[in-house]
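Chain by chain, the residues run as shown.
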Amino acid sequence: NSARHKGQFFSISCSATSPHTLEAELFGTFAEGRTVKGKLEMANGGTVFLDEIADLSLLAQSRLYRVLEEKMSEPLDGGEKRPVNVRVIAGSSTSLVDAMKEGRFRVDLFYMLKAVSVHLPPLRERKADIRLLCDYYVRKYSRLEHRNHKPLSTTAYERLLHYHWPGNVRE
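Residues numbered from 1 in each chain as written. Predicted model: local features only at pLDDT ≥ 70, side-chain atom pairs only at ≥ 80, totals over all residues. Heavy atoms only, no water.

1. Some words on the packing of aromatic side chains
The full count for this structure, using the stated rule, is four aromatic pairs. Relative to Y111, the ring of F110 lies with its centre 5.0 Å away and its plane at 90°, an arrangement referred to as edge-to-face. Residue classification places F110 among the buried positions, given a relative accessible area of 11%. Between the aromatic rings of Y136 and Y137, the centroid separation amounts to 4.8 Å while the plane-to-plane angle is 80°, which identifies the pairing as edge-to-face. Its relative accessible area of 37% is what places Y137 among the partly exposed residues. Taken together, Y136, Y137 and Y141 form an aromatic cluster joined through their ring pairs. In this structure, R131 packs its charged tip against the face of Y157, placed 3.7 Å from the ring centre. (Phe/Tyr/Trp six-rings, centres within 6.5 Å; stacked < 30°, edge-to-face > 60°. Buried < 20%, exposed > 50% of the residue type's maximum accessible area, 1.4 Å probe, protein only. Lys NZ or Arg CZ within 6 Å of the ring centre and 35° of its normal.)

What follows is the structure, given as structure tokens:
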């Protein structure tokens, strides 16, 4: 429902890419007189989701902070700064507060990103959601497989309720 719903959306994993490649992907590059746009510039007017932002290097955090503060993006290795108006949504499975205390995450970037913070406890702390999730997925996959919907047994629910869920919802 936002004004950015027609803009580009990019999801970037900060943990699945080498630091230099990730920076090039985010900020773009400049070589041989040619600029290759980064995702922040390509998403101008849209949204970038940075998954596992705690894994972003301190240098990349500094560059990201500067982009958000100045609303200008500068490619790696120089090149012309370009205006950027992008919404950044960040996710982390680790505590950014702890990462700040350990010096692994910039305090200024944390507060720049923290306009709205959503803490979603792990599934083991939300046992009431287990039945809802099970019912949803049983219905969904019954339809996909063209089978009659058959709810889980009470025994199955009990086992799921007593399970610790170390892999959280993905498990």
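Picking up after the structure, the text goes on.
2. As for the pattern of salt bridges
Taken as a whole and judged by the stated rule, the model has seven salt bridges. One salt bridge connects R63 with E23, and the closest N-O pair in it is separated by 2.0 Å. One end of the pair, R63, is in helix α3 (residues 58-70); the other, E23, is in helix α1 (residues 19-27), and 40 residues separate them in sequence. The class of E23 is buried, set by a relative accessible area of 6%. Here E70 and K81 are joined by a salt bridge, their closest N and O atoms 3.1 Å apart. Of this pair, E70 sits in helix α3 while K81 sits in the loop between β5 (72-73) and β6 (82-83), and the two are 11 residues apart along the sequence. Given a relative accessible area of 36%, E70 falls into the partly exposed group. (Salt bridge = Lys/Arg side-chain N within 4 Å of Asp/Glu carboxyl O. Helix = DSSP H or I, 4+ residues; strand = E, 2+ residues; numbered from the N terminus.)

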